[in-house]
Amino acid sequence: MPRAAAPFLGFARLLRRHAFAIAPEQVAGFMRAVTLLGPRSMNEIREAALATLAPSPDRRGEFEAHFRAYFYGDAKPSIEGEEDDETRIKDDRGTRQQESLTVRQEKGGELSSALEQLSSRDFQRDADGLGQFRRKLASALPARRSFRTMRTRSRGTLDLRRSLSEIVSADGDIPSPLLRRRQAVPRKLLLLIDVSGSMKPHTADYLKLAHATVQGADRAEVFTFGTRLTRITSALRIRGRDQALARAAALVDDWDGGTRMGPTLLAFLSVPRFSAFARGAAVVILSDALERGDHADLETAIRRLSARAFRLSLATPLAGDPRFRPETAALRAILPLLDDLVDGSSVRSLTDFILSLARPAPAAETIWKRVS
Amino acid sequence: MTRVNAVDVAASPEAVAARLAASRYLADDSLATAIFLAIRLGKPLLLEGAPGVGKTEAAKAIAELLGRELVRLQCYEGIDAAHALYEWNYQRQLLAIRHAGEHEIDIYDDRFLIARPLLQVLRAPDQRVLLVDEIDRSDHEFEALLLEFLSDFQISIPERGTIRAATQPIVILTSNRTRELAEALRRRCVYHWIGYPDAEREGEIIMLRAGDVAGATARAVAKAVQEIRARPLAKPPGIAEAVEWANAATILEKGGSPWPEAFRRAIGVLIKDEEDMAAIAPELDQIVEEALG
């Protein structure tokens, strides 16, 4: 190994230590690229590193910081807690930064300890019915027809490919026709959980429900929102509930703050990867929708979500009270856009509702008009 | 189309940028470097970025720069081997069996084989540029299938054996990042993230692409578009929309509308979402006036 190659290998090792997945072939590509480029300046080494080591756009800032630290010897900037570039976009125009920080310091610990209590409590096995919910979920979700086809005995189109090979193997005899039909696949399920202060009594329950959902459904995504937006699906993929909830709790840093439902939902929609998930999905928002101030953003966000989603539902714990009517200005504005406005006060009512998503129901507005 | 040797074209990133500019595509240094590296390292080029930043255009420009034919594979949910690699023409095979009667026929003959883009690229006598557009729309299974193709540039057809590329094609993949791509795919590619250009570059692009637009108009459009993109829109306008806006406004101005008015009336080619339009309308006059000023 020539001595000149050592710094490049070292840089790759540094990146790996910081959890960048860098394959040996990429390192080889990086070195070949540097050789090809000359290199005439540090910038060319940087370009070569970006092109060949391919950091994801989310971690680009972190990558650049490591590059500067390694090749220029800059003081290592603090990288811990760097957020997803994309979620930051229109999330927090800087004004709430300070506020959410203090909120985190004050209340974050409290919630984590509540979660700890939850996890250490001796659960009676499946007392909340979530185990059963998890098992039923995959088959209970609404389905759509896929472009992929499956073999079928009746009601389908002729499968020429297989029929032909049958004919050839039967030496020209025409056997009974073989058919294919488009497959039905369960729709995606998207849970958006409000973790603001007013939702505090329900947050722990909602997270347990979210864990069961991610475990049970083929394709589910879970986000929390308060003053900002956090994707917690990957944490909830861990099988053990206690561990998964602890990981999710660590990811979210706006527990029990205020709600800026409109702006955070707009931030969600402005990230293509996220908003693509809402397309054709069953979207369930778990929130009391108590939007302070102007609700124009909320209305826009809900309209966009509803245009994308297969079914858009709002589950609010307030609806657990029989006297509840959707009378706040925000709720009145979004009611015509919702497919369902249901009771989200208990795990049982929520699981029942999610399991019934495949069944058609009258629009939320019709139901609530009848009630009020 | 004159074919040129890929290595000659890609003598340096600057040479690539100059040639792309001749094909009316303005690339910044890092994109030119990524294209240079992809060609010289013989690796696929993965271009990611928001819709409308010119990923597909980049692929077209690369094909033009090399003087090669572009073969495009548009991805979508549910795309599979039969759409991307090859398929047998079963109807013709059945007819041929009927017609042959007692005679022997080879139903796996070339005339029954429908070559889809990937096979077309491999069977072409000369090097082709393959554009796999919007790979993020396809399923994971298709991505895995593509991995196999990209690592060896060969396809195995059970009835026919393996078909290998005579010359390795130049492959460009694009993604709007509506989902995360597999690490394995990113690893095999030279990667570049295309962002929106800054106002100055966008002005240059508009000048280059639009038909009959004055320099001042192009700069004003670029400035206004930057301003509009900074707002939380459902569909931020891409570069192509900016070019169309400059064109449309110029036509209206020549038709007798004074400047700010011409921009306002042509806004439909820039903003193509009703809500975005409602959000931007009250501020539009001010944005345009500032940009013109």
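Given the structure is predicted, the values throughout are model-derived calculations rather than measurements.

Undergrad: Talk me through the overall build of chain B; I want residue IDs and the actual numbers.
TA: Across its full length, chain B carries 14 helices and 9 strands. Along the first, second and third principal axes, the C-alpha set of chain B runs to 80 × 45 × 35 Å. A burial count over chain B gives 51% of its 293 residues as buried. Restricting the contact set of chain B to residue pairs at least 6 apart, pairs at least 24 apart contribute 74%. For chain B, the exposed area adds up to about 13,200 Å²; of that, 49% sits on carbon and sulfur atoms. Charged side chains in chain B number 34 positive and 46 negative. The centres of these two groups are separated by 4 Å.

Undergrad: If you had to explain the overall build of chain A to someone new, which residues and values would you point to?
TA: Along chain A, the regular secondary structure elements total 17 helices and 9 strands. Counting across all 372 residues of chain A, residues that qualify as buried make up 50%. Carbon and sulfur atoms form 50% of the exposed surface of chain A, whose accessible area is close to 18,200 Å².

Undergrad: For the interface of chain B and chain A, give the residues involved together with the corresponding values.
TA: A common way to express how large an interface is: the accessible area buried when the components associate. With 43 residues of chain B at the interface, the matching set in chain A holds 39 residues. With both sides pooled, the region where chain B packs onto chain A buries about 3,600 Å², and carbon together with sulfur makes up 58% of that total. Counting the contacts that link chain B with chain A gives 8 salt bridges. Its salt-bridge partner being B:D276, residue A:R304 comes within 3.1 Å of it at the nearest N-O pair. Across the contact surface, chain B and chain A share 10 residue pairs in polar contact (both at pLDDT 80 or more). At the level of secondary structure, the elements contributing two or more residues to the side of chain B that touches chain A comprise α2 (13-22), α3 (29-41), α6 (90-100), α9 (183-188), β9 (190-194) and α14 (274-292) of chain B. Ranked by residue count, the leading element in the side of chain B that touches chain A is α3(B), at 8 residues. Looking at the side of chain B that touches chain A, its residues break down into 17 nonpolar, 7 polar and 19 charged.

Undergrad: Give a detailed account of the sheet that holds strand β6 (residues 229-231) of chain A, specifying residues and quantitative values.
TA: Residues and elements named next belong to chain A. Taken in spatial order, the 6 strands of this open sheet run β6-β5-β4-β7-β8-β9, and their pairing is mixed. The strands lining the two open edges of the sheet, one partner per strand, are β6 and β9 (340-343). Each neighbouring strand pair of the sheet contributes to a mean axis angle of 20°, computed without reference to strand direction.

Undergrad: Outline the nonpolar core, supporting the account with residue identities and numerical values.
TA: By size, the foremost hydrophobic cluster in this structure holds 54 residues, and its most contacted members are A:F11, A:F30, B:L20, B:L37, B:L45 and B:L66. Per-element accounting of this core gives the leading share, 8 residues, to α3(B). When sequence neighbours within four positions are dropped, the list of residues in contact with A:F11 reads A:F30, A:A49, A:L53, A:F63, A:H66, A:F67, A:Y70 and A:F71. Counting 42 residues, the second largest nonpolar core, distinct from the first, contains A:L164, B:V71, B:V121 and B:F142.

Undergrad: Requested: an account of the pairing of strand β2 (residues 70-74) of chain B, with residues and values cited.
TA: Residue and element names in this part refer to chain B. With burial as the criterion, only one face of β2 is covered, namely that bearing V71 and L73; the residues L70, R72 and Q74 on the opposite face remain uncovered. The sheet contact formed by β2 and strand β5 (residues 129-133) spans 5 bridges and is parallel. The partner of R72 across the bridge, within β5, is L131.

Undergrad: For the environment of A:L37, give the residues involved together with the corresponding values.
TA: Tracing the sequence through the fold places A:L37 in helix α2 (residues 24-37). Judged by relative accessible area, A:L37 falls into the buried class, the value being 5%. Among all residues touching A:L37, those that are not within four sequence positions of it are A:E44, A:A48, B:P13, B:T33, B:F36 and B:L37.

Undergrad: So what's going on with the packing of helix α10 (residues 199-209) of chain B against helix α11 (residues 215-229) of chain B? Which residues, and what values?
TA: Residues and elements named next belong to chain B. Across the interface, α10 lies against α11 with an axial gap of 8 Å and an inter-helix angle of 130°. Put simply, α10 runs oblique to α11. Helix-helix and strand crossings are classified by hand; for α10 and α11 the assignment is right-handed. On α11, the residues that touch A199, E202, G203, I206 and M207 of α10 are G215, A218, V221, A222, V225, Q226 and R229.

Undergrad: Break down the sheet that holds strand β1 (residues 143-152) of chain A for me, citing the residues and quoting the values.
TA: Residues and elements named next belong to chain A. Read from one edge to the other, the open sheet built from 3 strands follows the order β1-β3-β2, with strand pairing classed as antiparallel. Sheet topology places β1 and β2 (157-158) at the edges, where each strand pairs with a single neighbour. With 2 bridges joining them, β2 and strand β3 (residues 179-186) adopt antiparallel strand pairing. Bridge assignment links T157 to a residue of β3, and that residue is R180.

Undergrad: Lay out helix α1 (residues 6-17) of chain A in plain terms, naming residues and giving numbers.
TA: Residue and element names in this part refer to chain A. Over its 12 residues, α1 extends 16 Å from the first C-alpha to the last, a length consistent with the 16 Å expected when each residue adds 1.5 Å. Regarding α1, the residues found buried are F8, G10, F11, A12, L14 and L15. Just downstream of α1, A19 is the residue with a positive phi angle, here 65°.

Undergrad: I'd like a rundown of the pattern of salt bridges, residues and numbers included.
TA: All names here are of chain A. This structure, assessed with the given rule, holds 44 salt bridges over all chains. Notably, a salt bridge pairs R46 with E64, separated by 2.8 Å at the nearest N-O pair. Remark: E64 occurs in helix α4 (residues 60-72) and R46 occurs in helix α3 (residues 42-53); sequence separation between them is 18 residues. Residue R46 is classed as partly exposed on the basis of its relative accessible area of 21%. Residue classification places E64 among the buried residues on the basis of a relative accessible area of 16%.

Undergrad: Explain unusual backbone geometry residue by residue, including any values.
TA: Not every positive phi belongs to a glycine, and A:A289 is a case in point at roughly 55°. Relative to the elements of secondary structure, A:A289 occurs in the loop between β7 (282-286) and α14 (296-308). Phi at B:R24 is positive, roughly 65°, even though this residue is not glycine. Here B:R24 lies in the loop between α2 and α3.

Undergrad: Any chance you could break down α3(B) for me, citing the residues and the numbers?
TA: Residues and elements named next belong to chain B. An ideal rise of 1.5 Å per residue puts 18 Å on 13 residues; α3 measures up with 18 Å between its terminal C-alpha atoms. Within α3, 11 of the 13 residues are buried, which leaves it mostly tucked inside the rest of the structure. Looking only at α3, the buried set comprises S30, L31, A32, T33, A34, I35, F36, L37, A38, I39 and L41. Immediately beyond the C-terminal end of α3, within one or two residues, lies G42, with a positive phi of roughly 70°.

Undergrad: An account of the packing of helix α8 (residues 160-169) of chain A against α6(B) is needed here, citing residue identities and associated values.
TA: Put simply, α8(A) and α6(B) touch, their axes get as near as 10 Å, and they point 25° apart. What the angle tells us is that α8(A) and α6(B) run roughly parallel. As α8(A) runs across α6(B), the sense of the crossing is left-handed. On the side of α8(A), the interface is formed by A:L160, A:R161, A:L164, A:I167 and A:V168, while α6(B) contributes B:Y90, B:Q91, B:Q93, B:L94 and B:I97. Residues of the contact of α8(A) with α6(B), tallied by class, amount to 7 nonpolar, 2 polar and 1 charged.

Each value, and the rule that gives it
Residues numbered from 1 in each chain as written. Chains lettered and ligands numbered in written order. Predicted model: local features only at pLDDT ≥ 70, side-chain atom pairs only at ≥ 80, totals over all residues. Heavy atoms only, no water. Helix = DSSP H or I, 4+ residues; strand = E, 2+ residues; numbered from the N terminus. Buried < 20%, exposed > 50% of the residue type's maximum accessible area, 1.4 Å probe, protein only. Contact = heavy atoms within 4.5 Å. Areas by Shrake-Rupley, 256 points an atom, 1.4 Å probe, with all protein chains shown as cover. Lys, Arg positive; Asp, Glu negative; His and termini not counted. Charge placed at Lys NZ, Arg CZ, Asp CG, Glu CD. Buried area = accessible area lost by both parts, 1.4 Å probe. Salt bridge = Lys/Arg side-chain N within 4 Å of Asp/Glu carboxyl O. Polar contact = N/O pair within 3.5 Å; in protein donor to acceptor, adjacent residues only side chain to side chain. Nonpolar A, V, L, I, M, F, W, Y, C, P; charged D, E, K, R; others polar. Pairing = 2+ DSSP bridges. Axes fitted to C-alpha atoms, helices over the stretch in contact; angles between N-to-C directions. Core = buried A, V, L, I, M, F, W, Y, C linked by side-chain atoms within 4.5 Å. Parallel < 35°, antiparallel > 145°, perpendicular 65-115°, else oblique. Left-handed = near helix turned anticlockwise from the far one by under 90°. Expected span 1.5 Å × (residues − 1).

Note that every value here comes from positions in space, so none of it alone points to a role or purpose.
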